[in-house]
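Results of the structural survey
Single-letter residue listing:
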Amino acid sequence: MVDYHAANQSYQYGPSSGGNGAGGGGSMGDYMAQEDDWDRDLLLDPAWEKQQRKTFTAWCNSHLRKAGTQIENIDEDFRDGLKLMLLLEVISGERLPKPERGKMRVHKINNVNKALDFIASKGVKLVSIGAEEIVDGNAKMTLGMIWTIILRFAIQDISVEETSAKEGLLLWCQRKTAPYKNVNVQNFHISWKDGLAFNALIHRHRPELIEYDKLRKDDPVTNLNNAFEVAEKYLDIPKMLDAEDIVNTARPDEKAIMTYVSSFYHAFSGAQKAETAANRICKVLAVNQENEHLMEDYERLASDLLEWIRRTIPWLEDRVPQKTIQEMQQKLEDFRDYRRVHKPPKVQEKCQLEINFNTLQTKLRLSNRPAFMPSEGRMVSDVNTGWQHLEQAEKGYEEWLLNEIRRLERLDHLAEKFRQKASIHEAWTDGKEAMLKHRDYETATLSDIKALIRKHEAFESDLAAHQDRVEQIAAIAQELNELDYYDSHNVNTRCQKICDQWDALGSLTHSRREALEKTEKQLETIDQLHLEYAKRAAPFNNWMESAMEDLQDMFIVHTIEEIEGLISAHDQFKSTLPDADKEREAILAIHKEAQRIAESNHIKLLGSNPYTTVTPQIINSKWEKVQQLVPKRDHALLEEQTKQQSNEHLRRQFASQANIMGPWIQTKMEEIGRISIEMNGTLEDQLSHLKQYERSIVDYKPNQDLLEQQHQLIQEALIFDNKHTNYTMEHIRVGWEQLLTTIARTINEVENQILTRDAKGISQEQMQEFRASFNHFDKDHGGALGPEEFKACLISLGYDVENDRQKQTGSMDADDFRALLISTGYSLGDAEFNRIMSVVDPNHSGLVTFQAFIDFMSRETTDTDTADQVIASFKVLAGDKNFITAEELRRELPPDQAEYCIARMAPYQGPDAVPGALDYKSFSTALYGESDL
């Protein structure tokens, strides 16, 4: 006996080493594991106590009336122990020790103890219920004791599918009320509040007593009174509750409802049987014709799809990079056309191919035909293998295209940067070699030599300042080589020329310095102001050149943060301009001071400043150039900021739609999963519901198209990442394709169930009972059962082999069931169960799908067409002859099926043959694959 009461929250029972009854020695040991909860939970609600008083009183009186007595007050009438002992004798059928007739308290306690000892002898150990509390009229303990008796003698023996008494009773109620609208029994309290469940139980077993369609869910009092009155009048079930007490209580008492419902359970027993009938010959021929069409369609679809895959894979595996961005963008556009235009129809064709194959195999299996074996190379596994190769080739293709575009874009940027820096450097070095080779110091005066030395120092300072630029040019050229730039040869040639020239400048500079220093002692006068001017003008000039170079430098960014960083750096640069202007004015002031001194001292300056070529005009010219480039840089940065803001808008727009559609697809996938295991209405209703669901999904397609358009805009803007969503267009496409495939497969499963039901004559109630049992044991709702779950499910629906104990419990565990089948001649040992598993799980996956379960149950519970049965049917049509004529076939069968038989039947060769005689026996045998048709 399954231990229901270990989960009950009314009492706590101690372990018992012995016990009798159907439950076995150990079931009552855990029978009252929660007695302490009686104080905490049961009597907190006065409404529950009222319901229990009425229900338990009515239940006791239903048994005491058999002995010609009854009780009025449950906590008063059992105080002397006499009626308590009488109640136990009636419900157990056994004699208790003779009661004591005295009126004293000790006599009452002794009588109650005799009753409690009898209860304990039945395997129940009462922990907190004593005779003194019963004698004192303790309502709480008295109700607890009666509930213990009800559990032991009325509910314990109810067991369904190896579940506890409570779960077994609940499962029985769910099965019996499943076909009724507005009835959903999930518990023993609020599920019964509207009264429809009580009426459904009666109507299921005695439909003539209840007009169920006239009952209204919004009139619970009428529903409850109707059920209670009919049960009392026609089923001999006393009225145990008032309708008003149930309706006016937020949560009716579970124990009162369980007591009442257990009376209905004991009142009803039996099972319904369904009969099936079908016209065997017409059905067999129609199935054969349809199967041939499905085979032809499969071969055609598989051939076309495999040919398309064969042509497409080499294109996707082509990874030859192009030299320009435009060429790579064209390849990306071709790939988008493939994803958007060419692949979706092929996804649908593949899904349809699998559906056709599964439907064909199901029909062949249902009609006992051999399984369909496609042509070599056209198996579903071949198509799936080809499709996997296609997706593997496709997987990295788009990423490769985008990476190539990024690489080419960076290469163009680096090449332009190289050209700019090289041009600036070459312009600076122009004439420097000639200047360094000039031997003007040989004829110069001392002052001229001093000037030449200072000028050379300034040049060395300038030369050092340009060292970084040369290193940058070499680094850029190196990076272009590493990134495989297509014009690397010209870049390397130019870079090498610059490096060679730079080395020559260094050598010439060193030689000139040595020559100037050799005659330095002869030079004494120097113009300090010109020297100071030269020293300050050179770095300032370099700063302006660097500033102009930076202001004209190209930039590439991909996010709003990057452009804002450039804008911030540019603003910081602009903040240094006032200090730079002060430095410029200071340098010009030095030049003006030199001129003032020369004029005041009547000194005639010959030519320009001998120490530098950077004149005030050059400084002012470059300063004006910097002033002109700053607003241009502002404009370029603002344009890029606008572009990035637009890109950010595209990102947010796409993310907003994707964050809606992604969860929507996931929700729809989960809802389809729930629909596939729920039992709402007939299979046709479920099929109609699923097709409506499919249409609603198809109607959602414009949202996916809108997202594709937004993704197109993002791709055209060369946006490569999106921090606002975790969904990519690839995720959405894959999810959408999986959603369409899942709904199509689910519809196909229901259609196959209808085929199974119609082919095997399975009633709607049987189909729902099969589904209910399958779902009950599919604990993880995965749509498949493991071996142990499948075995338990077979036992719950299986073979009704009876003996005394199984009649009492209504179910048994796996070992008892196997032993019972063996004792009655049915073998269900490990070998037999392994045989059944090989039928329902031919691939040895360890899982049994609902379709395989239905196929097995249909073969076990209904008759199936066989070759012998078809031969017998043809013999009836032929008037008991061993052959049949074309005229008889055309007279007895529909035209198309008659012609089908005539075209395929061989001439009859027996001794009693007549002209035009046809051999229907070999034809019937060929239909079931036992010979060639």
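These figures come from a predicted structure and were not determined experimentally.

**A look at unusual backbone geometry**
The phi angle at Asn-182 is positive, at roughly 65°, despite the residue not being glycine. With respect to the helices and strands, Asn-182 occurs in the loop between α7 (165-177) and α8 (196-205). In this structure Asn-182 comes out as partly exposed when scored by relative accessible area, which is 47%. Here the phi dihedral of Asp-236 falls at roughly 60°; this positive angle occurs in a residue that is not glycine. Within the fold, Asp-236 resides in the loop between α9 (220-234) and α10 (243-247). For Asp-236, a relative accessible area of 70% gives the class exposed.

**What to know about the pattern of salt bridges**
For side chains bearing opposite charge, pairing can occur when the charged atoms are close. In this structure the tally under the stated criterion is 39 salt bridges. Where Arg-206 meets Glu-208, a salt bridge forms, and the shortest distance between an N and an O atom there is 2.5 Å. Of the charged contacts in the structure, one is a salt bridge between Glu-211 and Lys-214, with a shortest N-O distance of 2.8 Å. For the pair shown, Glu-211 and Lys-214 are each scored as exposed.

**A few points about the packing of aromatic side chains**
For the structure on display, the rule yields 21 aromatic pairs. Between Phe-56 and Trp-147, the ring centres sit 6.0 Å apart and the planes meet at 10°, which makes this aromatic pair stacked. Of the two residues, Phe-56 sits in helix α2 (residues 46-64) while Trp-147 sits in helix α6 (residues 139-155), which places them 91 residues apart along the sequence. Trp-147 matches Phe-56 in its accessibility class, with the two residues each being buried. Relative to Phe-923, the ring of Phe-874 has its centre 6.1 Å away and its plane inclined at 80°; by these criteria the two rings are edge-to-face.

**Some details on the packing of α2 against helix α3 (residues 82-92)**
Helix-helix packing: each pair is described by the crossing angle between the helix axes and the interaxial distance. Orientation of α2 relative to α3, taken along the N-to-C sense of each, is 65°, at an axis distance of 9 Å. For the element pair α2 / α3, the angle class is roughly perpendicular. For the pair α2 and α3, the sense of crossing is left-handed. The segment α2 lies against α3, with Trp-59, Cys-60, His-63 and Leu-64 engaging Lys-83, Leu-86, Leu-87, Val-90 and Ile-91. Classifying every residue of the contact of α2 with α3 gives seven nonpolar, one polar and one charged.

**Some words on the sheet that holds strand β6 (residues 906-907)**
Strand order in this open sheet of three strands is β5-β7-β6, and the pairing throughout is antiparallel. The open sheet is flanked by β5 (884-885) and β6, the only strands paired with a single partner. Looking at chain direction, β6 and strand β7 (residues 917-919) are connected through two bridges and run antiparallel. Bridge pairing links Pro-907 to Leu-918 in β7.

**Let's talk about α9**
Between its first and last C-alpha atoms α9 spans 21 Å; for 15 residues at 1.5 Å apiece the expected length is 21 Å, and the two agree. Phi for Asp-236, located one or two positions after α9, is positive at around 60°.

**Details of the environment of Ser-546**
As for its placement among the helices and strands, Ser-546 is situated in helix α20 (residues 528-552). Under the relative-accessibility criterion, Ser-546 is labelled partly exposed at 31%.

**Regarding helix α27 (residues 764-777)**
Given a rise of 1.5 Å per residue, 14 residues ought to cover 20 Å, and the 20 Å separating the end C-alpha atoms of α27 matches this to within 8%. Most of α27 sits inside the fold, with ten of its 14 residues counted as buried. Buried within α27 are the following residues: Gln-764, Met-767, Gln-768, Phe-770, Arg-771, Ala-772, Ser-773, Phe-774, Asn-775 and Phe-777.

**Overview of the packing of helix α24 (residues 683-699) against helix α26 (residues 729-760)**
Closest axis-to-axis distance for the α24/α26 pair is 10 Å, and the angle between their directions is 165°. Taken together, the axis directions place α24 and α26 in an arrangement best described as roughly antiparallel. As for the relative orientation of α24 and α26, their crossing is left-handed in sense. Here Leu-683, Glu-684, Leu-687, Leu-690, Lys-691, Tyr-693, Glu-694 and Ile-697 of α24 come into contact with α26, specifically with Trp-736, Leu-739, Leu-740, Ile-743, Thr-746, Ile-747, Val-750, Glu-751, Gln-753, Ile-754 and Arg-757.

**Let's talk about the environment of Asn-403**
Locating Asn-403 in the fold gives a position in helix α15 (residues 397-429). With 317 residues separating them in the primary sequence, Asn-403 and Phe-720 have C-alpha atoms 9.6 Å apart.

**A word on the nonpolar core**
Trp-192 and Phe-198 are the most contacted members of the largest nonpolar core, which has 76 residues in total. Sorting elements by how many residues they give to this core places α6 first, with ten residues. The residues contacting Phe-198, other than those within four sequence positions of it, are Trp-192, Leu-224, Ala-227, Phe-228, Ile-257, Tyr-260, Val-261 and Phe-264. Within the second largest apolar cluster, 46 residues are counted, among which are Ile-665, Ile-672, Ile-747 and Ile-754.

**Considering the environment of Thr-222**
The residue Thr-222 is located in helix α9 in this model. Assessed through its relative accessible area of 41%, Thr-222 is described here as partly exposed. Here the alpha-carbon distance between Thr-222 and Gly-195, two residues 27 residues apart in the chain, equals 8.1 Å.

**Overview of the confidence of the model for the chain**
Close inspection of predicted coordinates is inappropriate in any region flagged by low pLDDT. When the pLDDT values of the chain are averaged, the result is 77; 82% of them are 70 or greater. Summarising per-element confidence for the chain, the mean pLDDT is lowest in strand β1 (residues 13-14) (33) and highest in α8 (94). Here residues 270-279 is modelled with pLDDT under 50, and outside its nearest four sequence neighbours on either side it reaches nine contacts, counting other chains as well. With pLDDT under 50 throughout, residues 522-526 is counted as low confidence; its partners more than four residues away or in other chains account for 15 contacts.

**Comments concerning the side chain of Ser-263**
Position of Ser-263 relative to the elements: it lies in helix α11 (residues 254-267). The class of Ser-263 is buried, set by a relative accessible area of 15%. Among all residues touching Ser-263, those that are not within four sequence positions of it are Ile-237 and Met-240.

Here is what the cut-offs are and how they apply
Residues numbered from 1 in each chain as written. Predicted model: local features only at pLDDT ≥ 70, side-chain atom pairs only at ≥ 80, totals over all residues. Heavy atoms only, no water. Helix = DSSP H or I, 4+ residues; strand = E, 2+ residues; numbered from the N terminus. Buried < 20%, exposed > 50% of the residue type's maximum accessible area, 1.4 Å probe, protein only. Salt bridge = Lys/Arg side-chain N within 4 Å of Asp/Glu carboxyl O. Phe/Tyr/Trp six-rings, centres within 6.5 Å; stacked < 30°, edge-to-face > 60°. Axes fitted to C-alpha atoms, helices over the stretch in contact; angles between N-to-C directions. Parallel < 35°, antiparallel > 145°, perpendicular 65-115°, else oblique. Left-handed = near helix turned anticlockwise from the far one by under 90°. Contact = heavy atoms within 4.5 Å. Nonpolar A, V, L, I, M, F, W, Y, C, P; charged D, E, K, R; others polar. Pairing = 2+ DSSP bridges. Expected span 1.5 Å × (residues − 1). Core = buried A, V, L, I, M, F, W, Y, C linked by side-chain atoms within 4.5 Å. pLDDT = per-residue confidence, 0-100.

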